[in-house]
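Observations on the three-dimensional arrangement
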Amino acid sequence: MTVMRTMPSGRLVLLRHGETEWSRSGQHTGTTDIPLTPRGEQQARAVADALADFTFVLTLCSPLQRARRTAELAGLEPEVDEDLREWDYGGYEGLTTAEIRDRLGYDWSVFRDGVVPGETPGETVEEVAGRASRVVKRALAAMADGDVALVGHGHCSRVLATVFLQQEPRMGAKLLLDAGSLSVLEYEREEPAIRSWNVPAALDQP
């Protein structure tokens, strides 16, 4: 006898926070709690129209102000979830990839090579995936009844997507995610899949 599995019918919407000064300059922004730029606020407002197509039964947000402000301007009323914090970059906080590579002398990648302790301990990609797994578990339960929105950060959201897709977390290196972008994941029959990815906010002006 074949047992039919019921797959979640809702969609999982990932909204990366809008631009900050550090996202614009390429500095790694983990625990540092900095605000959106005016352009970042514009990006957050612009995504509201796209979100009107969804029926959210659960909305979660990182506690950091750049994510909370993005959610607010996008017309969402989220519950704060600590597990949606950005990757803790430890001793690489505030540095660009070029600066880290100059310091180390090789082509460093956070997904492949990780971070070192600094003012904070830092996290491994597996630890970020562990947090993401808890969020995905909550999301999947809610997706039985409707859509779920997660408002967060670049690297953490990329790892979270790999967890949803049941892939190895380092695959997140291949999932580019720009500030202010919108991505949609869902189930196609029994398979978790990408409906759309890294869709930019439609701004009225550059």
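Above: the structure in question.
Residues numbered from 1 in each chain as written. Predicted model: local features only at pLDDT ≥ 70, side-chain atom pairs only at ≥ 80, totals over all residues. Heavy atoms only, no water.

The next thing to look at is the sheet that holds strand S5 (residues 182–188). Sheet architecture is open: 6 strands sit in the order S3-S2-S4-S1-S5-S6, paired in mixed fashion. The open sheet has two free edges, formed respectively by strand S3 (79–80) and strand S6 (191–199), since each of these has just one partner strand. Pairing of strand S2 (residues 56–61) with S3, which is carried by 2 bridges, proceeds in the parallel orientation. Opposite cysteine 61, over in S3, you have valine 80 as the bridge partner. Set on the sheet, helix H4 (residues 65–73) makes contact with strand S1 (12–16), S2, S3 and strand S4 (147–152); between it and S4 the angle comes to about 135°. Sheet strands touched by helix H7 (residues 125–142): S1, S2, S3, S4 and S5. Its angle to S2, the strand with the most contacts, is close to 165°. (Pairing = 2+ DSSP bridges. Helix = DSSP H or I, 4+ residues; strand = E, 2+ residues; numbered from the N terminus. Contact = heavy atoms within 4.5 Å. Axes fitted to C-alpha atoms, helices over the stretch in contact; angles between N-to-C directions.)

It is worth spelling out the pairing of S4 at this point. Sheet faces and side chains relate simply in a regular strand, where the side chains alternate between the two faces. Within S4, 6 of the 6 residues are buried, leaving the element largely enclosed by the surrounding structure. Burial along S4 is two-sided: the face carrying Asp147, Ala149 and Val151 and the face carrying Val148, Leu150 and Gly152 are both buried. Here 5 bridges tie S1 to S4, and the two strands are oriented parallel to one another. By the bridge assignment for S4, leucine 14 is matched with leucine 150. Note that S2 and S4 share 5 bridges and pair parallel. (Buried < 20%, exposed > 50% of the residue type's maximum accessible area, 1.4 Å probe, protein only.)

Most of S1 is tucked away, with 5 of its 5 residues classed as buried. Here 4 bridges tie S1 to S5, and the two strands are oriented antiparallel to one another. Along S5, the bridge assignment pairs valine 13 with valine 184.

Everything listed is a geometric property; what it means functionally is a separate question.
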